[in-house]
Amino acid sequence: MRTQRQVVDYSLQKRAVLRELLAGRVGTYDVCDASPYLKNAARFHGEPTDERCPICRSENLIHVHYIYGDELKQSAGQARTLAELPVLAMTLREFQVFVVEVCLGCDWNHLVEQFLLGRDGLTGGGEGGPDQDAVGGGNAAATAPATRRRREAQR
Ligand SMILES: [Zn+2]
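Residue positions are given per chain, counting from 1 as you read along its sequence in written order. At least 70 in pLDDT is required for a residue's local features to be given in this predicted model, at least 80 for side-chain atom pairs to be given and counted, and no such filter applies to totals for whole chains, interfaces and linings, which use all residues.

(A) Spotlight on the overall build of the chain. Across its full length, the chain holds 6 helices and 6 strands. The numbering of helices and of strands both runs from the N terminus, where a helix is a DSSP run of H or I of at least 4 residues and a strand a run of E of at least 2. Of the regular secondary structure in the chain, the N- to C-terminal order runs β-α-α-α-β-β-β-α-β-β-α-α. Whether a residue is buried, exposed or partly exposed is read from the other C-beta atoms within 10 Å of its own C-beta, which are placed from the backbone; 20 or more gives buried, 12 or fewer gives exposed, and intermediate counts give partly exposed. Out of the 155 residues in the chain, the part that is buried amounts to 21%. The contact criterion used is a C-beta to C-beta distance within 7 Å, with each C-beta placed from the backbone. Contacts spanning at least 24 positions in sequence make up 63% of the contacts within the chain whose residues lie at least 6 apart.

(B) Main features of the nonpolar core. Remark: nonpolar core denotes a set of buried Ala, Val, Leu, Ile, Met, Phe, Trp, Tyr and Cys residues whose joining runs through C-beta atoms within 7 Å. L38, A42, V64 and V102 are the most contacted members of the largest nonpolar core, which has 14 residues in total. Listed by contribution, the elements that provide at least two residues to this core are α3 (36-45), β3 (60-68) and β5 (95-102). With residues up to four places along the chain from it excluded, the contact list for A42 reads I62, V64, V102 and L104. Counting residues in each nonpolar core, the second largest holds 8 residues, with I67, A89, V97 and L117 among its members.

(C) Expanded view of the pairing of β5. Pairing analysis gives 7 bridges linking β3 to β5, with the strands arranged antiparallel. Following the sheet pairing, Y66 is matched in β5 by F98. Pairing analysis gives 8 bridges linking β5 to strand β6 (residues 109-117), with the strands arranged antiparallel. By the bridge assignment for β6, V99 is matched with E113. Being paired, for any two strands, means DSSP has found at least two bridges between them. Connecting β5 to the antiparallel partner β6 that follows it, the hairpin turn spans 6 residues, and D107 within it adopts a positive phi of roughly 75 degrees.

(D) Broad picture of the pairing of β6. Where strand β1 (residues 5-9) lies against β6, 3 bridges are found, and the strand directions are antiparallel. When the sheet's bridge partners are listed, D9 is paired in β6 with E113.

(E) Looking closely at unusual backbone geometry. Even without being glycine, K73 reaches a positive phi, approximately 50 degrees. With respect to the secondary-structure elements, K73 resides in the loop between β3 and β4 (79-80). The phi dihedral of D107 falls on the positive side, at around 75 degrees, and the residue is not glycine. With respect to the element layout, D107 can be found in the loop between β5 and β6.

(F) Quick look at helix α1 (residues 11-22). Along its 12 residues, α1 runs 16 Å from first to last C-alpha, staying within 8% of the 16 Å computed at 1.5 Å per residue. Within α1, only 0 of the 12 residues are buried, which leaves the element largely exposed. One or two positions beyond α1, positive phi appears at G24, with a value near 80 degrees. By this rule, a helix spans an expected 1.5 Å times one less than how many residues it contains.

(G) Spatial organisation of the confidence of the model for the chain. Values of pLDDT, ranging from 0 to 100, describe the predictor's confidence in every residue of the model. Residues of the chain with pLDDT of at least 70 account for 77%, and the chain-wide mean is 85. Low pLDDT (under 50) marks residues 126-150, which in the prediction has 17 contacts with non-local residues, meaning those over four places away or in another chain.

This is the structure in structure tokens:
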């Protein structure tokens, strides 16, 4: 997404949780606790991925995009499909997106990343450079499949 900025990647935290699980310091009961709301959001607004669930290995993970921001008013905190985000990004100045991965098989869920979207990113220009470079390497792999799917959706 062109206006995507201030990306925070949570893959390190996720790996830490999985390590704890492997070591037996936390149980699957503690980490596989997706709420009915989150699972519904995954079913109706979720973006399927090619990534296997790290816990049960039987289902693919689904990414749910939650949006937050003052401009969203009553829509704040709602889940949106990936295809809806570019449209919102053109209409709103700035809003926050939280991406959560969910497994409908075992209820595993974890924050994947968060970032800002909106028209402010198109006009700002100046500060975008260094930020983009700093996160570029680490996030390329994570965002590439999503970008591909979005292009397919627009066809
Ligand atoms: Zn699972």
